[in-house]
Amino acid sequence: MLRKFLPDEHVESILDIKPDKLRQRGVKALVTDLDNTLIAWNEKGTTPQLVHWFSSLKKVGISVMILSNNSEKRVKLFSDSAGVSYIYRARKPLPFAFRRAMRIMKVTGDEMVVVGDQLMTDVLGGNQVGAHTILVTPIASTDGWATKMNRHLERFILSLMRRKGWLKWEE
Ligand SMILES: [Mg+2]
């Protein structure tokens, strides 16, 4: 059970994920969370670094989609400005939006990478569909109210994993 929450990898920033390395591993699609993964939950626009990162993913032939539990208004605003497709109100960790993304991008779970800042939504959901999961350190140290509740459980799960020696990174 606890294994379902264990990410395959951890990075400080999404920009540390190198598109050519993914491609070499046979990755064909990347699904990413929005809030506190790409930008802080209380900010709106994209950054030149993110625009560059998205375009280098596409350049090596990796399809990209944003999967967010947030509202259409917020997700559309960011995704349109970044030029990336999206699914809003994705209800992660439920598998439906992940499966929809896989159908749209025509990939199987093991050809897909799922990136996000939360174990309870992004990592759990990605693991359930057989994707390679990458946990990022949240951009902002604050969270929206729904995320705050998840963080309590997340800290507990992380402490269990740390005790088992599963985590290879420092908090
Ligand atoms: Mg998030």
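All values derive from a computational prediction rather than experimental measurement. (Residues numbered from 1 in each chain as written. Predicted model: local features only at pLDDT ≥ 70, side-chain atom pairs only at ≥ 80, totals over all residues. Heavy atoms only, no water.)

Asker: Could you give an account of the sheet that holds strand 2 (residues 29–32), naming the residues involved and the relevant values?
Answerer: Strand order in the open sheet made by the six strands is 1-6-5-2-3-4, with parallel pairing throughout. Two strands lie at the open edges of the sheet, namely strand 1 (9–11) and strand 4 (85–87), each paired on one side alone. Taken over all neighbouring pairs, the strand axes of this sheet differ in orientation by 25 degrees on average, direction set aside. Where strand 3 (residues 63–67) lies against strand 4, three bridges are found, and the strand directions are parallel. Within strand 4, the residue paired with methionine 65 across the bridge is serine 85. (Pairing = 2+ DSSP bridges. Helix = DSSP H or I, 4+ residues; strand = E, 2+ residues; numbered from the N terminus. Axes fitted to C-alpha atoms, helices over the stretch in contact; angles between N-to-C directions.)

Asker: Hey, could you go over the pattern of salt bridges for me, with residue numbers and the actual values?
Answerer: Scanning the entire structure with this criterion turns up eight salt bridges. In this structure, aspartate 80 engages lysine 76 in a salt bridge whose closest nitrogen and oxygen atoms are separated by 2.7 Å. Placement of the pair is aspartate 80 and lysine 76 together in helix 3 (residues 72–82), with a separation of four residues, close to one helical turn. For aspartate 80, a relative accessible area of 44% corresponds to the partly exposed category. Of the charged contacts in the structure, one is a salt bridge between arginine 151 and glutamate 154, with a shortest N-O distance of 2.7 Å. Here arginine 151 and its partner glutamate 154 are both found in helix 6 (residues 145–164), three residues apart, which amounts to about one turn of the helix. Since its relative accessible area comes to 7%, glutamate 154 is described here as buried. Each of the salt bridges in this network shares a partner with another, and the network as a whole consists of Asp33, Lys92 and Asp122. (Salt bridge = Lys/Arg side-chain N within 4 Å of Asp/Glu carboxyl O. Buried < 20%, exposed > 50% of the residue type's maximum accessible area, 1.4 Å probe, protein only.)

Asker: Describe the nonpolar core, and please don't skip the residues or the numbers.
Answerer: The biggest cluster of nonpolar side chains holds 24 residues, and the ones touching the most others in it are Leu30, Phe54 and Phe78. Put simply, the parts of the chain that give this core at least two residues each are helix 2 (48–59), strand 3, helix 3, strand 5 (112–116) and strand 6 (132–136). No other element matches the four residues that helix 2 contributes to this core. Those residues in contact with phenylalanine 54 that sit more than four places away from it in its chain are Leu38, Val64, Phe78, Ala82 and Val84. (Core = buried A, V, L, I, M, F, W, Y, C linked by side-chain atoms within 4.5 Å. Contact = heavy atoms within 4.5 Å.)

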